[in-house]
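The lines below spell out each chain.
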Amino acid sequence: MAARDLKDELVAIPGVSDAEVTLVDNVPPVARVWLDGTRDGDEVRLRVQALLGGRLPVQEPAQRRSGLGKGLDILIPDGDGDHRVPVQLKAQGESRAVLVARVAVVESALAVTVEIEDGAGNIHTADVGPSGSIDDAVLEAAAALSGAPEHVAFGIAEVEIGDARVLVVSASIDGRRSAGASTVEFGRPFAVARAARQALESL
């Protein structure tokens, strides 16, 4: 099965927000999923195991790698080191953090506005300025949603990896620098928002 086909099936599972699948000749496939916080982790684990069961070879325990699916390790990280847990999976209170749940670009007779909402229901909006750059408005809204200072500086680069478009957003402030990345699956604003929030969370 092609990596993209398997990824599509993984992302279709309720509770999964994103997935990565790597298939290399003579190497056990590697799959990783990110949760959106709408389903219990054990429930998602069972669904992923049902999807992957029988399709992928089972690795021995000595070959386990954190964050992998059945036949590759375990879907949900073991919790044996907080530094191993991606930002998207870190708990906020009793629920898991979803950095970007929704991005909307709203155009009216008076202005064009970008609205970003996270998984906790927090929303921030920013107007598209005279430059007409929706990217700038997305970055402004993402920074406000993250509680970042106004003088945080951003940079955006777009690269192609295989058949995927990937947006990389860098963020820097007071000598500190970080970066986040997101694939462009449908709209660019959502990818910019996800990459920006990843970068801000790492500052």
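Residues numbered from 1 in each chain as written. Predicted model: local features only at pLDDT ≥ 70, side-chain atom pairs only at ≥ 80, totals over all residues. Heavy atoms only, no water.

Before going further, it helps to spend a moment on the nonpolar core. Ranked by size, the top nonpolar core spans 26 residues in total, and within it Val114, Ile116, Val138, Val152 and Leu200 carry the most contacts. When contributions to this core are tallied by element, the ones reaching two or more residues are β6 (112–117), α3 (134–146), β9 (164–173) and α4 (188–202). The contact partners of Ile116, leaving out residues within four places of it in the chain, are Val100, Arg102, Val103, Asn122, Ile123, His124, Val138, Ala141, Ala142, Leu145 and Ala193. Core analysis: the second largest hydrophobic core is formed by 11 residues, Val16, Val33, Leu35 and Val44 among them. (Core = buried A, V, L, I, M, F, W, Y, C linked by side-chain atoms within 4.5 Å. Buried < 20%, exposed > 50% of the residue type's maximum accessible area, 1.4 Å probe, protein only. Helix = DSSP H or I, 4+ residues; strand = E, 2+ residues; numbered from the N terminus. Contact = heavy atoms within 4.5 Å.)

The next subject is the packing of α3 against α4. Put simply, α3 and α4 touch, their axes get as near as 9 Å, and they point 40° apart. In terms of orientation, α3 lies oblique with respect to α4. Read as a crossing pair, α3 and α4 show a hand that is right-handed. Counted together, Ile134, Asp135, Val138, Leu139, Ala142, Ala143, Leu145 and Ser146 of α3 and Arg188, Pro189, Val192, Ala193, Ala196, Arg197, Leu200 and Glu201 of α4 form the full contact between these two elements. Partitioned by chemical class, the residues of the contact of α3 with α4 number 11 nonpolar, 1 polar and 4 charged. (Axes fitted to C-alpha atoms, helices over the stretch in contact; angles between N-to-C directions. Parallel < 35°, antiparallel > 145°, perpendicular 65-115°, else oblique. Left-handed = near helix turned anticlockwise from the far one by under 90°. Nonpolar A, V, L, I, M, F, W, Y, C, P; charged D, E, K, R; others polar.)

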